[in-house]
Amino acid sequence: MTRETTIARVLLVCVFAPGGGLFGKAVAEAAQARPWWPWLVAALVWLLVSGAIAGWISAAVSHHSAEHR
């Protein structure tokens, strides 16, 4: 496995695992008839912000490795 693949996998987990947890919390709150929408908003914000950061990191790693070839 290349360095780029390893970094991509780590970034994928770092973005989607917490987002999935927040979404699961929203579902659990809805099942208990509590306000669920703040958790859903938090999940969406997390996915957007961390996805943008992960995309920036991925592009930087790709660019750096392309310079050294």
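What you are looking at is a predicted structure, and each value in this text was computed from that prediction instead of being measured.

### A short note on the overall build of the protein
- A tally of helices and strands in the protein yields 2 helices and 0 strands.
- Counting the 69 residues in the protein, one finds 14% classified as buried.
- As displayed, the protein offers around 5,100 Å² of accessible surface, 73% of which is attributable to carbon and sulfur atoms.

### Overview of the side chain of S50
- Tracing the sequence through the fold places S50 in helix α2 (residues 37-67).
- According to the relative accessible area criterion, S50 is buried, its value standing at 10%.
- Within polar-contact distance, the side chain of S50 engages the backbone oxygen of W46 at 2.5 Å.

### Quick look at helix α1 (residues 3-31)
- Taking 1.5 Å per residue, 29 residues should reach 42 Å; α1 reaches 42 Å between its end C-alpha atoms and fits that length.
- Where α1 is concerned, the buried positions are L11, V15, G19, A26 and E29.
- Looking one or two places after α1, you find A33, whose phi comes out positive at around 60 degrees.

What counts as what
- Residues numbered from 1 in each chain as written.
- Predicted model: local features only at pLDDT ≥ 70, side-chain atom pairs only at ≥ 80, totals over all residues.
- Heavy atoms only, no water.
- Helix = DSSP H or I, 4+ residues; strand = E, 2+ residues; numbered from the N terminus.
- Buried < 20%, exposed > 50% of the residue type's maximum accessible area, 1.4 Å probe, protein only.
- Areas by Shrake-Rupley, 256 points an atom, 1.4 Å probe, with all protein chains shown as cover.
- Polar contact = N/O pair within 3.5 Å; in protein donor to acceptor, adjacent residues only side chain to side chain.
- Expected span 1.5 Å × (residues − 1).

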